[in-house]
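Each chain, written out:
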Amino acid sequence: MIHLIAGATNPNCRELLAGMFRLRHDVFIKEKHWNIKSYNGLEFDQFDTEETLYLVELDEAGAVVATVRMNPTDRPTLFSEVFADMCHGGPPKCPKTWELTRGAIAQNVRKSLHFGRIECATIEAALLWGVTKACGIFGVDLLMKKMRCGLDAKPIGQPRMIDGESHVAAEFAMNGDVLQRTRTLYRITGPSIEQIHLMPGARRAA
Amino acid sequence: MAQNELSASRIEFPVLQSFSEQCLGATTTLEITRALDAILQARGIKQWYVGNLGFVNEWRGFGFDEIPPAWRKRYVEAEHARFDPVFQHALNQGGKTTWAQCKLIAEHLGDKRALQVFDEAAEYGIDSGLILPIHGLGDLPAAVSFGGEDLDLTPDAQASLYLIGALAYESLRRLVVGFKPIPPLLTERELEVLRWAAEGKSAVDTGAIMGISAFTVQDHQKSLRTKYGCAKMTQVLVLAALDGTLLIARQM
Amino acid sequence: MVHVVAGATNPNCREMLAKMFRQRCDVFIKEKGWKLKSYNGLEFDDYDTAETIYLMQFDARDNIIASMRMNPTDGPYMLADIFSSVCEAPIPRGRDVWELTRGALSRNLRKSGTWGRMQCAMLESALLWGATKATGFFTVDHIMKQMRVGLDVKPLGSPLLVDGEANVAAEFPFNTQTLERLRSSYGISGPAIEHIHLMPVPQKKVAA
C-alpha cells in the first residue's frame, strides 16, 4: 500500500512520516554510513518542508518498507544548495521539475519487486501534480536500473566518483508513456498509489 | 605532457550529453556502437565489450565489441575466459573496478594462469582498463569492459567511462531486447521444480528427487503458474525458457 | 474527499458502493424519473462490473455527494450496446477509451465546486490507469459546460431529443493539458483523488 504524503509536517500523517524518517535513518545512517544528521533515530534535514512530497510504502503489517522524497526545484533543493557544481550550467529550477532524493527500500525487501512499484508511484505522482521531469544525483547502477525500467535518463553534468561509485546528475521525463513502459516491465496493471494525503487547508481553493 | 595524458580518458560533459541524446534517439544499434567507438578510440581505448557474459557454449543474450582480431583469436583459443580475473569478476557479479585491481588480487593469490592473461594482453597492447559488471532485475549476467595501452584512469576518468558504458549498454539493450516484463522472482525450490518440469518429470518423480511430497511439488508449480500468470506448466516453461530463468535453474 | 473504487464487487468497499447505488436511485429514478430498474432502493445494471471504475465524493460526515461510473470500452458498454444508433462516427473502443455514465450530484450541491473536483478526479484516474479518451451520451448543456472548463469535446453523431433535452454521443481526450485547464478553471491546485481502492488480488498469499 503506497501513500503519497504532501508536507513533512502534515498533521494527519505524523505516524507515517515518523516511520519514513526512521527508515531513512536505518538505511542512510546505520547501513550506508552517510555523514548526515539524525534526531532520536529519525533522519530529516532542511529539504523536508511543507512543500515536500513523499511516497511511503507500507507492508501488510503496516511497517514502512520504501520511500522517496520529491521537491519542486523552484525552491531550495539539495541540487541548488549542496551539489550545484554537479550540474552543467547550474541546477534545474522549475516548478514542473522535481528533485528526487532519499530513495530508500528496507533491507529485508530489497530483492523483491518493490522498486518497480515505487518507481511507478513516482511517475503517477508526477502526472497528478502536472510535473513533467525529475532530476537527482544517481549512482551509475541505479541509473541503469532506471533506464531498464523504461525511464529515459539524461546526464546533466560531469560524473564524479563518490564512495567508489560513479555518480552523475541526471534528469528523466515523466509521462504516461514512461509509466506504461515501467508497468509492463513489472507486470503492474493499475495505479500503485492508493492514498493521497494533502496538507489540510491546502485545497480550500475556489 | 604528462598532465595532458593524465586527463586523456576523461569524457567531458558536452560529449557525454550528445552521446546520451544519440543513445536515446537511436533506431539501430550501429548508431550507438559507432558513436561509442569514436569516443573510446579518441581516448586510447582500443578494446571494448558491451553485452551479456557466458562461456561460448552457454552464451545467450547480446554483445557488441571492438577487439583486435589477433587478440580475440588468441583469447578464444587459449580459453582465457575461464581464467581471466576480469571476466570472472564480472561473471561473479562483482562491483565496478579497474583491471589493475583485478591484477593486484591475482598477484596476491599467486594465480599464475590469471596473470598469464594479463601478460598476453599486454603483448597485444592492452594493459589497462576497467570493468562494469551488470546484474540484477532478473537479467542475464552482463558487463561493459574497456581496455587500452597505458590508460590513465583517474577517478574522474573512471566516473565518466562507467557512465558512458552504462548508457551504451542500456540503450543497446533497449534496441535488442526491448521492454519486456522482468522475470518473476522465484525461490530456490521453485527454480528446482521448474528445472525438473523442463526435463519432463512428473510431480511424483520431482518429489522423489527433491525429497519432498508430490503435493508440495504441486504447490510450487501452482505458485510458478501464479507468478508467470499462466494456466498451464507448459506455458510457464516456454516463458521461463525465453526470459532466461530456465538457464539459471539448470545451473543450480 | 474523492475515492476511486475499482470494481462494482470490490469486497473492501461494500459500504461505499451501497451508498453510491442508493444515491443513483435517488437521483436518476426518484428525482429525474428515468426508467431504470432498482433493487431495494439501489440502482445498478449490467454495466456495473468487476472492471468498472467509480468516482465517489463524500462530505465530512461520510455522506455521498457525487459519483460517476467509468467503463473501459473493450468489454460491453452502453454506447455500443444501446446507443449505437446515435453514433454516426465509428464507435470508440478500447481498453484506453472510457465510457462515462451515471454522473450523479446531490441536489443541494449543484452550484458548488463539487463537480469540478469530480471532473478533475476523472482526468486524474484516466492518467493513472492510462486511459486516453472518454466517450458517452451527454446532454448538450453538459457538453457546453465541459467545453467551457477546458475539455475538447467532439460530437460523434447528431443530437437527439430525449425527455425534452438534446443529447449527443461525444468523445474527448484525456491528457495532462486538459487536466491543467480543468484545474485552473475550477481553481484546484493539487490532486482531487485521495483514496484509490483497487480490486484485491485473489489468493495473493503466494510463497515469496
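Since the model is a prediction, treat every value here as computed from it, not as a measurement.

Undergrad: Give me the sheet that holds strand β5 (residues 142-148) of chain B: which residues, what numbers.
TA: Residues and elements named next belong to chain B. Here we have five strands laid out as an open sheet, ordered β2-β1-β5-β4-β3, and antiparallel in their pairing. Two strands bound the open sheet, and with one partner strand each, they are β2 (63-66) and β3 (97-98). The pairing of strand β1 (residues 45-52) with β5 spans seven bridges and is antiparallel. If you follow Val 50 over to β5, its bridge partner there is Val 144.

Undergrad: Tell me about the pattern of salt bridges, residues and numbers included.
TA: All names here are of chain A. Considering all chains together, one arrives at 40 salt bridges over all chains under this definition. Lys 146 serves as the salt-bridge partner of Glu 119, at 2.9 Å between the closest nitrogen and oxygen. Here Lys 146 lies in helix α4 (residues 140-148) and Glu 119 lies in helix α3 (residues 114-129), a separation of 27 residues in the sequence. Judged by relative accessible area, which is 5%, Glu 119 ranks as buried.

Undergrad: Break down the pairing of strand β1 (residues 2-6) of chain C for me, with residues and values.
TA: Residue and element names in this part refer to chain C. Within β1, five of the five residues are buried, which leaves it mostly tucked inside the rest of the structure. Burial along β1 is two-sided: the face carrying Val 2, Val 4 and Ala 6 and the face carrying His 3 and Val 5 are both buried. In this structure, β1 lies alongside strand β9 (residues 193-197), joined through four bridges in parallel fashion. What sits directly across from Val 4, in β9, is Ile 196.

Undergrad: Please give an account of the nonpolar core that cites residues and values.
TA: As a rule of thumb, nonpolar side chains are buried together in soluble globular proteins. Ranked by internal contacts, the top residues of the largest apolar core, which has 132 residues, are Phe 19 and Phe 146 of chain B together with Leu 55, Met 122, Phe 172 and Phe 174 of chain C. Leave out the neighbours within four places in its chain, and Phe 174 of chain C touches Trp 98, Met 122, Leu 123, Ala 126, Ala 131, Thr 132, Lys 133 and Ala 134 of chain C. Judged by nonpolar contacts, the second largest core, of 20 residues, contains Cys 102, Leu 115, Phe 118 and Ala 143 of chain B.

Undergrad: I'd like a rundown of a nonpolar patch on the surface, residues and numbers included.
TA: All names here are of chain B. A contiguous nonpolar patch, built from Leu 104, Ile 105 and Leu 109 and spanning about 320 Å² of accessible area, is present on the exposed surface. With respect to the helices, strands and loops of the structure, Leu 104 is situated in helix α6 (residues 99-109). Classification of Leu 104 by relative accessible area gives partly exposed; the value is 49%.

Undergrad: Summarise the confidence of the model for chain A; cite the residues concerned and give the values.
TA: On average, residues of chain A carry a pLDDT of 90, and 96% of them reach 70 or more. At the low end of the mean pLDDT range in chain A sits helix α2 (residues 78-81) of chain A, at 89; at the high end sits strand β2 (residues 53-58) of chain A, at 96.

Undergrad: For the interface of chain A and chain B, give the residues involved together with the corresponding values.
TA: Residue-level contacts link 31 residues of chain A with 35 residues of chain B. Both faces considered, chain A and chain B share a buried interface measuring about 3000 Å² in area, 67% of it formed by carbon and sulfur atoms. Salt-bridge contacts for Lys 96 of chain B lead to Asp 141 of chain A; the nearest nitrogen and oxygen are separated by 3.0 Å. Where chain A touches chain B, the interface holds nine residue pairs in polar contact (both at pLDDT 80 or more). Secondary structure elements with two or more residues in the side of chain A that touches chain B: α4, β6 (153-155), β7 (160-162), β8 (165-173) and α5 (176-185) of chain A. Here the side of chain A that touches chain B takes seven residues from α4 of chain A, the largest share from any one element.

What counts, and where the lines are drawn
Along each chain, residue indices are assigned from 1 in the same order as the chain's sequence is written. Chain A is the first chain written and ligand 1 is the first ligand written, with later ones labelled in order. It should be noted that, the model being predicted, local features are given only for residues of pLDDT at least 70 and side-chain atom pairs only at 80 or more, the latter also being counted only at that level, while totals for whole chains, interfaces and linings use all residues. Computation of side-chain values covers all heavy atoms of the structure but excludes hydrogens and water. Pairing between two strands is assigned when DSSP locates at least 2 bridges connecting them. The way it works is that DSSP assigns letters per residue, a run of H or I at least four long becomes a helix, a run of E at least two long becomes a strand, and they are numbered from the N terminus. Salt bridge, as used here: a side-chain nitrogen of Lys or Arg that lies within 4 Å of a carboxyl oxygen of Asp or Glu. Exposed residues in this analysis have more than 50% of their type's maximum accessible area, buried residues have under 20%, and partly exposed residues fall in between, with area computed by a 1.4 Å probe over protein chains only. Only buried residues count toward a nonpolar core, which is a set of Ala, Val, Leu, Ile, Met, Phe, Trp, Tyr and Cys residues joined through side-chain atoms within 4.5 Å. Note on contacts: a residue pair qualifies if any of its non-hydrogen atoms lie within 4.5 Å across the two residues. Distance thresholds for patches are 9 Å for like charges and 5 Å for nonpolar side chains (Val, Leu, Ile, Met, Phe, Trp, Tyr), applied to residues having over 30% relative accessible area and no salt bridge. In this description, accessible areas are obtained by the Shrake-Rupley approach with a 1.4 Å probe, and a residue is regarded as covered only by the protein chains that are shown. Note on scores: pLDDT gives the predictor's confidence for each residue, bounded by 0 and 100. Buried area: the accessible area, evaluated with a 1.4 Å probe, that two parts lose upon being put together, summed over both parts. Any N or O atom pair separated by 3.5 Å or less is treated as a polar contact, with the protein-specific requirement of one donor-capable and one acceptor-capable atom, and with residues adjacent in sequence counted only for side-chain atom pairs.

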